[in-house]
Structures are given as C-alpha cells and as structure tokens.
Amino acid sequence: MEPLTTFAARLRALRRQKKQTQKDMAALLGCTVSNYQKMEYGQVNIPITTLMALADYFSVSTDYLLGRAEGELREK
C-alpha cells in the first residue's frame, strides 16, 4: 500500500472511531471540508504541522499515521 493510501485509510478509521464528521475535523484543523476530504482520499500532501496536530488529536504517532509503524496508541 502506498503511503498516501495508508495515511488516508488510517485517518478515516481514526476519525470514525472518535465519531467525528469530516466537517468537525476540518474545523479542528482550520481548513475547508473539501481540503479535509482530499486528505482522507489521499489526494493531497499535508503540512507537517497538520500531521502533528492529527497525531496529537488521535493520540497516535506520526509514524502510525504515515504507515511506518503498526502500533496505534502512543505512550503518554
């Protein structure tokens, strides 16, 4: 699976686990719903600051989001 596909699938799954809508996530990140949807579809590269914000929000590592690690939850 290529990196953006893995990232998109993990982002979508984590959002659903938290019972958040795409609109909720766009508001959290300060972007448009359309831009957030492109993240979930693997159609756009995101800034590092957005990646870090997502990792913090979902309590996972950036490596997990990027498909570079299998473990989900990050140690606190």
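Reading the values: the criteria
- Residues numbered from 1 in each chain as written.
- Predicted model: local features only at pLDDT ≥ 70, side-chain atom pairs only at ≥ 80, totals over all residues.
- Heavy atoms only, no water.
- Buried < 20%, exposed > 50% of the residue type's maximum accessible area, 1.4 Å probe, protein only.
- Helix = DSSP H or I, 4+ residues; strand = E, 2+ residues; numbered from the N terminus.
- Arc of directions from axis to C-beta.
- Salt bridge = Lys/Arg side-chain N within 4 Å of Asp/Glu carboxyl O.
- Axes fitted to C-alpha atoms, helices over the stretch in contact; angles between N-to-C directions.
- Parallel < 35°, antiparallel > 145°, perpendicular 65-115°, else oblique.
- Contact = heavy atoms within 4.5 Å.
- Core = buried A, V, L, I, M, F, W, Y, C linked by side-chain atoms within 4.5 Å.

Attention now goes to helix α3 (residues 33-40). Those residues of α3 lying buried are Y36, M39 and E40. Each buried residue of α3 sits inside an arc of 95° when the element is viewed along its axis, so together they form one side. Within two residues after α3, G42 carries a phi angle of roughly 70°, on the positive side.

Time to look at the pattern of salt bridges. Enumeration according to the criterion identifies 3 salt bridges in this entry. The closest approach of N and O atoms between R68 and D63, which form a salt bridge, is 3.6 Å. Residue classification places R68 among the exposed positions, given a relative accessible area of 65%. Each member of the salt-bridge network shares a partner with another, and the members are R12, R15 and E40.

Any two packed helices are characterised by the angle at which their axes cross and by the distance between the axes. Between helix α2 (residues 22-29) and α3, whose axes approach to 8 Å, the crossing angle comes to 105°. What the angle tells us is that α2 and α3 run roughly perpendicular. For the pair formed by α2 and α3, the contact residues are Q22, K23, M25, A26 and L29 on the first element and V33, Y36, Q37, M39 and E40 on the second.

With that out of the way, let us pick up the nonpolar core. Of all hydrophobic cores here, the largest spans 14 residues; its most connected members are F7, L11, L54, F58 and L65. At the level of elements, α1 (3-17), α2, α3, α4 (48-58) and α5 (62-66) are the ones that each hand at least two residues to this core. The dominant element in this core, judged by the number of residues it contributes, is α4, at 4 residues. Here F7 is in contact with M39, I46, L51, L54, L65 and L66, once residues within four sequence places are set aside.

As a further point, take the environment of T62. By the secondary structure assignment, T62 is in helix α5. T62 sits in the partly exposed class, given a relative accessible area of 28%. The spatial distance from the C-alpha of T62 to the C-alpha of M52 is 6.5 Å, given a sequence separation of 10 residues. If we ignore the near neighbours within four places in the chain, the residues touching T62 are L51, M52 and A55.

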